[in-house]
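# Inside the fold
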Amino acid sequence: SNFTREGVPTFIRDLVREDKVHRFKNEEEIQGALGKKFLVPVEEVNASWRCRGVGKGDSARNNNVYLRLTPGTSSALQSIAKQFKQKVEDAGIAPEWNVRFTVNSLLRTEDPTDRTLAGYSSPDSPHLVGMGFDISTIRFDLVYKPDNTFVMFGAEDRKQTSVHDSIVTTLNHLLIQVLLDMHEKEKIILTYEPGRVHYHITSKMP
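Residues numbered from 1 in each chain as written. Predicted model: local features only at pLDDT ≥ 70, side-chain atom pairs only at ≥ 80, totals over all residues. Heavy atoms only, no water.

## Here's the deal with helix H4 (residues 71–90)
- Look at H4: 29 Å from first C-alpha to last across 20 residues, which is about the 28 Å you get at 1.5 Å a residue.
- Taken together, the buried positions of H4 are Gly72, Thr73, Ser74, Ala76, Leu77, Ile80, Ala81, Phe84 and Val88.
- Note on H4: the residue one or two positions beyond its end, glycine 92, has a positive phi of about 90°. (Helix = DSSP H or I, 4+ residues; strand = E, 2+ residues; numbered from the N terminus. Expected span 1.5 Å × (residues − 1). Buried < 20%, exposed > 50% of the residue type's maximum accessible area, 1.4 Å probe, protein only.)

## Brief notes about empty space enclosed by the protein
- Tallied over the entire structure, the rule returns one cavity of 30 Å³ or more.
- Approximately 40 Å³ is the volume found for the largest cavity.
- What lines the largest cavity is simply Ala47, Ser48, Ala81, Phe84, Lys85, Asn98, Val99 and Phe101.
- Listed by contribution, the elements that provide at least two residues to the lining of the largest cavity are H4 and strand E4 (97–105).
- The class makeup of the residues in the lining of the largest cavity is five nonpolar, two polar and one charged. (1 Å grid on protein atoms, 1.4 Å probe; cavity = no way out; pocket = protein on both sides within 12 Å on 5 of 7 lines; lining within 4 Å. Points joined across faces, edges and corners; volume = space filled by probe spheres on them. Nonpolar A, V, L, I, M, F, W, Y, C, P; charged D, E, K, R; others polar.)

## Details of the nonpolar core
- Counting residues in each nonpolar core, the largest one holds 40 residues, and the members touching the most others are Ile80, Phe84, Phe101, Leu106, Leu175, Leu179 and Ile201.
- Elements that contribute at least two residues to this core include exactly strand E2 (49–51), H4, E4, strand E5 (132–144), helix H5 (161–184), strand E7 (188–191) and strand E8 (198–203).
- The leading source of residues in this core is H5, at eight residues.
- With near-sequence residues (within four places) excluded, phenylalanine 84 lies in contact with Val99, Phe101, Phe140, Leu171, Leu174, Leu175 and Val178.
- Counting residues in hydrophobic clusters, the runner-up holds eight residues, among them Leu15, Val21, Val129 and Met131. (Core = buried A, V, L, I, M, F, W, Y, C linked by side-chain atoms within 4.5 Å. Contact = heavy atoms within 4.5 Å.)

As structure tokens, this is what we get:
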């Protein structure tokens, strides 16, 4: 992982110390006044992304309490979505289809009993202050615009392996182009976690 090399822990600690963000201890803090001060809501599903397993226990269901980010981080997510959409359109996807990516994680808390840490988060994780989110490398939705029905391309969808792999590889290639460009322009910090099937993104703005 390049999490430490990219300076993420120091970056988050400095923001906490300067009171620009708050490290959330538990679910009650999110729902209280501090949450209203530092966080904005994130859509669970829209034309650009679908959240899956946010604030999860062991299921793919989302816990609405955790569908939140800092304003700057929310803007970063929206910017990624806008640029990814343009990449897909430029690649010549049929106009009646829309593509959205999957967001696996947003806000978490320090309290491991709410099952949002899953035993692998750093105590200085940007997730704890609402400045981090994960985008899946293996799950995308193809949405049919006329009626908004969609086809899920994910880890369990292995009936047509060659077709599945080709589509996911192509979409992943377009997505990483967007993420690398934003990383190079210092809009986000893109880090990798060995053994995880997602991109870990830290916003540069709280």
